[in-house]
Amino acid sequence: MTTDLRYTASGDELTRLTAAELAGKIRSREVTSVEVTRAHLDRINAVDGDIHAFLHVGEEAALAAAAEVDRALDAGEKPVSALAGVPLALKDVFTTTDAPTTCGSKMLEGYMSPYDATVTGRIRAAGIPILGKTNMDEFAMGSSTENSAYGPTRNPWDLERTAGGSGGGSAAALASGEAPLAIGTDTGGSIRQPAALTDTVGVKPTYGTVSRYGLVACASSLDQGGPTARTVLDTALLHEVIAGHDPFDATSVNRPVADVVGAARAGASGDLSGVKIGLVKQFDREGFQTGVLDSFHAAVEQLKSQGAEIVEVDCPHFDEALGAYYLILPCEVSSNLARFDGMRYGLREGDDGQRSAEEVMSLSRAAGFGPEVKRRILLGTYALSVGYYDAYYLQAQRVRSLIARDFTRAYERCDVMISPTTPTTAFKLGEKVSDPMAMYNFDLCTLPLNLAGVCGMSLPSGLAADTGLPVGLQIMAPAFADDRLYRVGAAFEAGRG
Ligand code: GLN
């Protein structure tokens, strides 16, 4: 027996409204930001014991930020952003000065950062109270949050099942009504995949458009922070808050952010005439759950009925994406995670004054990292070692270029592409933990986008007839055309009614 903890099933009315609705009511002073924030904190208190979306709840800080928004609005000041006063859940991989940043790892238990991530700072500047930090697979490696050192997050749709990963906490917070807005990161699917499994919306923006400063690195050439919410418009409003150039991030691009909010509003008309949508041949696969494929084909029919033209596109190198990703990622991980040596951050093990620094480092890393993180550090170290570099890392980088070329060619024939976000609906907790390859395979449809640096969205596409669980539709667009995701996403959402 599992209890129904979806946001529609119970709870205060304030925890069911969209972020845009809440922002409107706060602006017009129909409700205060403190009331809205309080309602979400109460919801967290009521349900998070079962769901475990949060690793840390910052009640005092959230209410103080809310009170400041209320004070400013009562004094007649202009709202600092379109989302002023609407609270948010932050993935525990972004640094915060007023709450611990653990990345779901024992290695960083209780770690307090001396500075805020740029994304954190932008959220604060937009008057968005931060409710707390959400659970995740350790250092964002995983597809189920089962690699969190603090225990898994449960899916509000079915507590026996995963809410996805690595950002299962943020997705479950949205789906349970604990938060109307949340932030995730996506290295190979960690925003889109949990969104698909929880019936929420998640966007991986174009690489370089959201600052990685203060985002604890998993694989730097793939990581990207992004917005998540329950509607396309809410996601766009949050996208606008976090995106933009940052001189503190060397990979941040200095160009105007695509008009994602305008695109979401335009898409709400539901009209898709003149829009060409590509179906990737490589994603129409055997092995996908029947309920997922049926839902996908229904989505295609719906998009056609809204005026879209459907074309089939060929992306032959997508078949190699999994192999390339699981080489490039571990290589970057082995280098990025070298900093966690027990000397500078977090856990230190066995420092008895007798042991050498090297011994202490080794004991600290052995005690602080979980098995999946260790697996990837070992894999990456091996692949980068002399004699293997050309055969593995270099070869994977070549495949990466070919995948990017597949995208470029495909977008000569269409404006966006679509696919199912995941091969199946939410799987049972424990089902894949002892089979890393099965876990890795779950990212099949999301990985190619990270390798190419392009953008993608997952949004609700109904329930699978065979499992009764949510299915996600993935929309893909070229680099810096993030607005297309919102145009087509909002139209699809409107078409579903
Ligand atoms: N599941 C993928 C992995 O384990 C993606 C994770 C992510 O996007 N952070 O690497």
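Residue indices begin from 1 for each chain and proceed along its sequence in written order. Note on the predicted model: pLDDT of at least 70 is required for a residue's local features to be given, and 80 or more for side-chain atom pairs to be given and counted; whole-chain, interface and lining totals, by contrast, use all residues. Values shown for side chains rest on all heavy atoms present in the structure; no hydrogens or waters enter the calculation.

Comments concerning the overall build of the protein
For the protein, the count of helices and strands is 16 helices and 13 strands. The globule rule used for comparison is 2.2 Å times the number of residues to the exponent 0.38, while the radius of gyration itself is calculated over C-alpha atoms. Radius of gyration (C-alpha) of the protein: 21 Å, near the 23 Å computed for a compact globule of 497 residues. Considered along the principal axes of its C-alpha atoms, the protein spans approximately 65 × 55 × 50 Å. Taken across its 497 residues, the protein has 59% of its residues classed as buried. Only heavy atoms enter the contact rule, under which two residues are in contact if any of them lie within 4.5 Å. Counting only contacts in the protein whose residues sit at least 6 apart along the sequence, the fraction spanning at least 24 positions is 76%. The helix count covers DSSP runs of H or I at least four residues long, the strand count covers runs of E at least two residues long, and both are numbered beginning at the N terminus. When a residue's accessible area, from a 1.4 Å probe over protein chains only, is under 20% of the maximum for its type it is buried; when over 50% it is exposed; and in between it is partly exposed.

Re the UniProt feature "active site" (unreviewed entry) in the protein
UniProt positions are given in the numbering used here, feature names are shortened, and annotations may be inferred rather than shown by experiment. The UniProt record annotates "active site" (unreviewed entry) at Lys91, Ser166 and Ser190. Across 100 residues, the annotated set stays spatially compact, with a maximum C-alpha separation of 10.8 Å. When only the residues just named are considered, the largest cavity is lined by Ser166 and Ser190. With respect to the element layout, Lys91 can be found in strand 2 (residues 88-91). The exposure class assigned to Lys91 is buried, which follows from its relative accessible area of 0%. Sequence-distant contacts of Lys91, that is, excluding residues within four places in its chain, are made with Lys133, Thr134, Met136, Ala140, Ser166, Gly167, Ser170, Ile183, Gly184, Thr185 and Ser190. If you trace the backbone, Ser190 turns up in the loop between strand 6 (181-185) and helix 6 (192-198). Contact partners of Ser190, with chain neighbours within four places excluded, come to Lys91, Ala140, Gly142, Gly165, Ser166, Gly167 and Thr185. Points on a 1 Å grid over protein atoms alone make up a cavity when a 1.4 Å probe fits among them but cannot get out, and a pocket when they form an open set with protein on both sides within 12 Å along at least five of seven lines; lining residues each have an atom within 4 Å of a point.

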